[in-house]
Amino acid sequence: MTEARIHGYLVLAMFVLAVVSFIALLRVAAPYGRFLRPGWGPTLPARAGWILMESPAVILFIVVYALGTKAAAEAPMVLLALWQLHYINRTLVYPFRLRGTGNRMPLVIALMALLFNCLNAYINARWISHFGAYPDTWLSDPAFISGAVLFLCGWTINQQSDTILIRLRRPGDTGYRIPEGGLYRWVSCPNYLGEMLAWTGWAIATWSLAGLAFAVFTTANLLPRALANHSWYRQTFPDYPASRRALLPFLL
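Residues numbered from 1 in each chain as written. Predicted model: local features only at pLDDT ≥ 70, side-chain atom pairs only at ≥ 80, totals over all residues. Heavy atoms only, no water.

Draft legend 1. Layout of the packing of helix H6 (residues 190-206) against helix H7 (residues 209-236). Across the interface, H6 lies against H7 with an axial gap of 9 Å and an inter-helix angle of 170 degrees. As the angle between them shows, H6 and H7 are arranged roughly antiparallel. Facing H6, whose interface residues are Tyr-192, Glu-195, Met-196, Trp-199, Thr-200, Trp-202, Ala-203 and Thr-206, H7 presents Gly-211, Leu-212, Phe-214, Ala-215, Thr-218, Thr-219, Leu-222, Arg-225, Ala-226 and Asn-229. Grouping the constituent residues of the contact of H6 with H7 by class yields 10 nonpolar, six polar and two charged. (Axes fitted to C-alpha atoms, helices over the stretch in contact; angles between N-to-C directions. Helix = DSSP H or I, 4+ residues; strand = E, 2+ residues; numbered from the N terminus. Parallel < 35°, antiparallel > 145°, perpendicular 65-115°, else oblique. Contact = heavy atoms within 4.5 Å. Nonpolar A, V, L, I, M, F, W, Y, C, P; charged D, E, K, R; others polar.)

Draft legend 2. Spotlight on the packing of aromatic side chains. For the structure shown, the criterion picks out 18 aromatic pairs. Taken together, a centroid distance of 6.0 Å and an interplanar angle of 75 degrees make the contact between Trp-199 and Trp-202 edge-to-face. Highlighted residues: Trp-199 and Trp-202, both in helix H6, separated by three residues, approximately one helical turn. Each member of the aromatic cluster is reached from another via a ring pair, and the members are Phe-61, Trp-83, Tyr-87, Phe-116, Phe-151, Trp-199, Trp-202, Phe-214 and Phe-217. Above the ring of Phe-131, the side-chain terminus of Arg-126 is found at 5.7 Å from the ring centroid. The ring centre of Tyr-32 lies 3.8 Å from the NZ or CZ of Arg-225, which sits over that ring. (Phe/Tyr/Trp six-rings, centres within 6.5 Å; stacked < 30°, edge-to-face > 60°. Lys NZ or Arg CZ within 6 Å of the ring centre and 35° of its normal.)

Draft legend 3. Representation of a nonpolar patch on the surface within the structure. A surface patch of nonpolar side chains, about 690 Å² in accessible area, is lined by Leu-26, Trp-186, Leu-227, Leu-248, Phe-250, Leu-251 and Leu-252. Structurally, Leu-227 can be placed in helix H7. (Patch = residues over 30% accessible without salt bridge, like charges linked within 9 Å, V, L, I, M, F, W, Y side chains within 5 Å. Areas by Shrake-Rupley, 256 points an atom, 1.4 Å probe, with all protein chains shown as cover. Salt bridge = Lys/Arg side-chain N within 4 Å of Asp/Glu carboxyl O.)

Draft legend 4. Seen up close, the environment of Thr-69. Among the secondary structure elements, Thr-69 is positioned in the loop between helix H2 (46-66) and helix H3 (74-97). Given a relative accessible area of 60%, Thr-69 falls into the exposed group. On a C-alpha basis, the gap between Thr-69 and His-130 in space is 5.3 Å, while along the polypeptide they are 61 residues apart. Look past the residues within four positions of Thr-69 in its chain and what remains in contact with it is Ser-129 and His-130. (Buried < 20%, exposed > 50% of the residue type's maximum accessible area, 1.4 Å probe, protein only.)

Draft legend 5. Region of interest: the environment of Gly-102. You can see Gly-102 is positioned in the loop between H3 and strand E2 (104-106). According to the relative accessible area criterion, Gly-102 is exposed, its value standing at 55%. As for Gly-102 and Arg-47, which are separated by 55 residues in sequence, their C-alpha atoms are 9.3 Å apart.

Draft legend 6. Local environment of the confidence of the model for the chain. Of all residues in the chain, 98% have pLDDT values of 70 or greater, and the mean over the chain is 93. Per-element confidence in the chain ranges from a low mean pLDDT of 88 for E2 to a high of 97 for H6. (pLDDT = per-residue confidence, 0-100.)

Draft legend 7. Inspection of the side chain of Arg-90 at higher detail. Structurally, the position occupied by Arg-90 is in helix H3. Reaching out from Arg-90, the side chain makes a polar contact with the side chain of Asn-158 at a distance of 3.0 Å. Residues contacting Arg-90, with those up to four places away along its chain left out, are Trp-50, Glu-54, Pro-95, Asn-158, Asp-162 and Glu-195. (Polar contact = N/O pair within 3.5 Å; in protein donor to acceptor, adjacent residues only side chain to side chain.)

Draft legend 8. Inspection of the pattern of salt bridges at higher detail. With the rule as written, the count across this model stands at four salt bridges. The shortest N-O distance in the salt bridge between Arg-90 and Asp-162 comes to 3.3 Å. Here the residue Arg-90 occupies a position in helix H3, and Asp-162 occupies one in helix H5 (residues 142-167), the gap between them amounting to 72 residues. Residues Arg-90 and Asp-162 agree in their burial class; the two are buried. Between Glu-180 and Arg-244 there is a salt bridge, with its nearest N and O atoms 3.2 Å apart. Within this pair, whereas Glu-180 is found in the loop between H5 and H6, its partner Arg-244 is found in the segment after H7, the two being separated by 64 residues in sequence. One network of salt bridges, in which partners are shared, links Arg-90, Asp-162 and Glu-195.

Here it is in C-alpha cells:
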C-alpha cells in the first residue's frame, strides 16, 4: 500500500474520530479544568500536560514537513508559518501564562491528546509539503487569502479571550469568575469560537481534506465543551448574563 493511500485512510479516520468524539462529549464532559473529577487515573500538573500533549504539533509537524519534496517552496512555507504561529504559542507560551499552578489533568487525557496531535501533525504537514500542490501563485489565490484572513481573525479572538480568562486569576488562585470584555459580552466561550474559526480558515487556505478533517474535529471537540461550560456558568453564578450564548452570538 502506498503512503498516499495510507495518508488518505488516516484523513478518513480523523473524520470518523470527530463523529465519535462529538457523540461522546455531548454525553460526558472531558475531565480537565473545571470538570476535573476522580476516577480517571493518575494526574499530572496541567502545565506539564499541556506541553506534553501539544508538542507533536510543533516538533513532529516540523520534522514531517521537512521531509516533504516541496518543503522549500514558498506557499508551503507560509502555511507552515501559520500553523506554527498557533502551536508554538499553545505549546511553549500559553502553559506558562496559566496562573492556577496547582491545577492538574488526568494523564490519560494528555496521552489521548498526544496521540491525536501526532496523527493531526502528520496528515497536515505531509499534505502541505509533499502530497499537496501549491504553486507560488497560490498565495494570491482567493482561497488562500480568505482562509489566511479567517485564520488570523480566529487566532486573534482566541488570544484575546485566553488573555481575559488568565487575567481573572491572581497568581496561585484556582477559583472561577465571570469573564467580561471582548466577545465575552455575547458568548461564554469566545476562545473556542476563535479556535474553530482559525482551523476553518486553515482548511480553506490549504484547500485540503486534511485541513477540513482537522476543522471538523475541532468543532466536534469544542462545541460540546462550550455547551458544557455555558451550562456550568449558569448553574454556578446566579447573576450570569441571561443574554449571553454559549458559542455564537444571539444564536447558540
